[in-house]
Amino acid sequence: MNKKSILVIGMLFILLTACYADNPATSDQLQQREEELQPKEGNQALELLNRIMEQAKKGMTLGSPYNVLDSKIDEAKAEWGKPDNEDHAGKGFYATYQNKSFVFGFNEAGDIFDVRSYAKELNEITSVQIEDLFGQPDQLRETNNEEIYVYELERKIELKFIIPKEEKGVHHLSVFNPERAKNEYVLDIKGESHQLSASAWESMKEWRKQIVSFAQENENVYINGPNKKQVALTFDDGPDGKVTPAIIDILDEYNVKGNFFFLGRNVEAFPEVVKKAYTNGHLILSHSYNHVELPKLSTKEIQIEIEQAGNAIKSVIGKEPSIIRTPYGETNKQVVELAQQQGYSVVLWSIDTLDWSQKEASNIVNNVMNHVRNGDIILMHSDAKKTEAAKALPDLIEGLQEKGFEMVDLETLLNIKAYQ
Ligand SMILES: [Zn+2]
């Protein structure tokens, strides 16, 4: 070994010892040092956030003895008694225990899929603290009134912080298991027409399959209602000056509430018809402004389609709907998200009467009577070209009544709000 090599090795040795000597703190000490740097108030929030994350990984939240992995709502009821409130909302059921500041979401089998805490101490936590500790959320969902910070954990568990736009702190938090939240009562879409070519029928069947599984994956997309002896009659593409008023008259005569998915541009052309439908208790819902395939548009264009239709309806009835049916049933994740941001759920159908294809009244009635199941959402049309739907309606209503089905509006069927 020459002198030069000895010198290099010697210098390396000194350098390494120096590095080691400079960094003697253990991770505990480092954490302590970090904590000393934080103001006291922030410290409590950090501690709380750490506790929240630790429990969320086990499917629990803030001291709830029940989790979203294997707890049943009956366990909570046996221990805590009858909930203060129990409601069917959207795709699940919710039980509220006011004094304990917990709400549990559960499915038809009684499996808890959502544990929400409304503990007061959560108000002390801000979005800045959440992001400082956990980094950017996996999803930031925004609605008209709130922001939802979503962190995706192992076993698909989602930890959500709900922060109202007008407040600084967290309003409540939710530990959510999407696997258990999946609605088990999902119908396939029925309805046939002799007028469709073999290839059109094949692609329709394919579309039906895809849209049903898409709805299963999305909390805010509906194909059908729950397994009760109720169905909803829905009418797209109106209003016009003739068919829509005729349908309103028939519904009124039978004392049945209908659901109208109106186009914004038609609402502007026939405001009196819209007013009549609304005054007589039918739901006025959105079908976009121009009837175009929303997934093919840009973000901005989709927003405008939804907004313009909402504004047109609001200017006639004084309320904006919170349910939209996308034209042709065409939708995707982006459309659903944009609709949700503007306060809308997406509601499609589980029976297509195909009144636009094989138009005879008898075919419309058969498509419903041959297939009807609990919770069906029935698609018909009320624009000027679909004169047969109105002719089919009396037989249809009587047939459904004979089978014991109650015809309700979508607010009742799905337990979601019709208006914002
Ligand atoms: Zn349409």
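Attention here is on the structure that accompanies the text. This one's a predicted model, so the numbers in the text were calculated from it and none came from an experiment.

**Regarding the pairing of strand E7 (residues 158-164)**
Side-chain positions along a regular strand alternate between the two faces of the sheet.
Phase 1 of the analysis: Here E7 lies mainly inside the structure; seven of its seven residues are buried.
Phase 2 of the analysis: On E7, burial covers both faces: Glu158, Lys160, Ile162 and Pro164 on one face and Leu159, Phe161 and Ile163 on the other are all buried.
Phase 3 of the analysis: One ladder, built from seven bridges, connects strand E6 (residues 146-152) with E7; its direction is antiparallel. By the bridge assignment for E7, Tyr149 is matched with Phe161.
Phase 4 of the analysis: In this structure, the hairpin formed by E6 and E7 is closed by a connection of five residues, where Arg155 is found at a positive phi of approximately 55 degrees.
Phase 5 of the analysis: The sheet contact formed by E7 and strand E8 (residues 172-176) spans five bridges and is antiparallel. Residue pairing across strands places Glu158 opposite Phe176, the latter belonging to E8.

**So, the nonpolar core**
Phase 1 of the analysis: Judged by nonpolar contacts, the single largest core of 73 residues is most densely connected at Leu233, Leu251, Val347, Leu393, Leu400 and Leu410.
Phase 2 of the analysis: Setting aside chain neighbours within four positions, we find Leu251 in contact with Leu233, Phe235, Val256, Gly258, Phe260, His282, Leu393 and Ile397.
Phase 3 of the analysis: Counting 34 residues, the second-largest nonpolar core is a separate cluster that includes Val68, Trp80, Val115 and Tyr151.

**Things to note about the packing of aromatic side chains**
Phase 1 of the analysis: Going through the model one piece at a time under the given rule, you end up with 17 aromatic pairs.
Phase 2 of the analysis: An aromatic cluster of at least three residues, connected via ring pairs, comprises Tyr66, Trp80, Tyr97, Phe102 and Phe104.
Phase 3 of the analysis: Cation over ring: Lys100 sits above Trp80, and NZ or CZ is 4.7 Å from the ring centre.
Phase 4 of the analysis: The positively charged end of Lys160 is found above the aromatic ring belonging to Phe176, 4.0 Å away from the centroid.

**Regarding unusual backbone geometry**
Phase 1 of the analysis: Note that the residue after Gly238, namely Pro239, is joined by a cis bond; omega there is -5 degrees.
Phase 2 of the analysis: Positionally, Pro239 belongs in the loop between strand E10 (230-236) and helix H8 (243-254).

**A word on the packing of helix H11 (residues 299-317) against helix H12 (residues 333-341)**
Phase 1 of the analysis: Relative orientation of the contacting elements H11 and H12 amounts to 50 degrees, with a least axis distance of 10 Å. As judged from the angle between their axes, H11 and H12 are oblique. You can see that H11 and H12 cross each other, and the crossing is right-handed. On H12, the residues that touch Thr299, Ile302, Gln303 and Ile306 of H11 are Gln334, Val335, Leu338, Ala339 and Gln341.

**Some points on the sheet that holds strand E1 (residues 85-89)**
Phase 1 of the analysis: Spatially, eight strands are ordered E1-E2-E3-E4-E8-E7-E6-E5 in an open sheet, and the strand pairing comes out antiparallel. A strand with exactly one partner marks an edge of an open sheet, and here the two such strands are E1 and strand E5 (139-142). Averaged over all neighbouring strand pairs, the angle between strand axes comes to 20 degrees, with direction disregarded.
Phase 2 of the analysis: Sheet analysis places strand E2 (residues 92-97) next to strand E3 (residues 102-106), joined by five bridges and oriented antiparallel. Within E3, the position partnered with Ala95 by the bridge is Phe104.
Phase 3 of the analysis: Running over the sheet, helix H4 (residues 73-80) touches E1, E2, E3 and strand E4 (112-117) and is turned about 145 degrees from E3.

**Topic: the environment of Leu294**
Phase 1 of the analysis: Locating Leu294 in the fold gives a position in the loop between strand E12 (283-286) and H11.
Phase 2 of the analysis: Under the relative-accessibility criterion, Leu294 is labelled buried at 0%.
Phase 3 of the analysis: Spatially, the C-alpha atoms of Leu294 and His194 are 28 Å apart, while their sequence positions differ by 100 residues.
Phase 4 of the analysis: When near neighbours in sequence (up to four residues on either side) are disregarded, Leu294 contacts Ile302, Glu305, Thr326, Pro327 and Val335.

Criteria and cut-off values
- Residues numbered from 1 in each chain as written.
- Predicted model: local features only at pLDDT ≥ 70, side-chain atom pairs only at ≥ 80, totals over all residues.
- Heavy atoms only, no water.
- Buried < 20%, exposed > 50% of the residue type's maximum accessible area, 1.4 Å probe, protein only.
- Helix = DSSP H or I, 4+ residues; strand = E, 2+ residues; numbered from the N terminus.
- Pairing = 2+ DSSP bridges.
- Core = buried A, V, L, I, M, F, W, Y, C linked by side-chain atoms within 4.5 Å.
- Contact = heavy atoms within 4.5 Å.
- Phe/Tyr/Trp six-rings, centres within 6.5 Å; stacked < 30°, edge-to-face > 60°.
- Lys NZ or Arg CZ within 6 Å of the ring centre and 35° of its normal.
- Axes fitted to C-alpha atoms, helices over the stretch in contact; angles between N-to-C directions.
- Parallel < 35°, antiparallel > 145°, perpendicular 65-115°, else oblique.
- Left-handed = near helix turned anticlockwise from the far one by under 90°.

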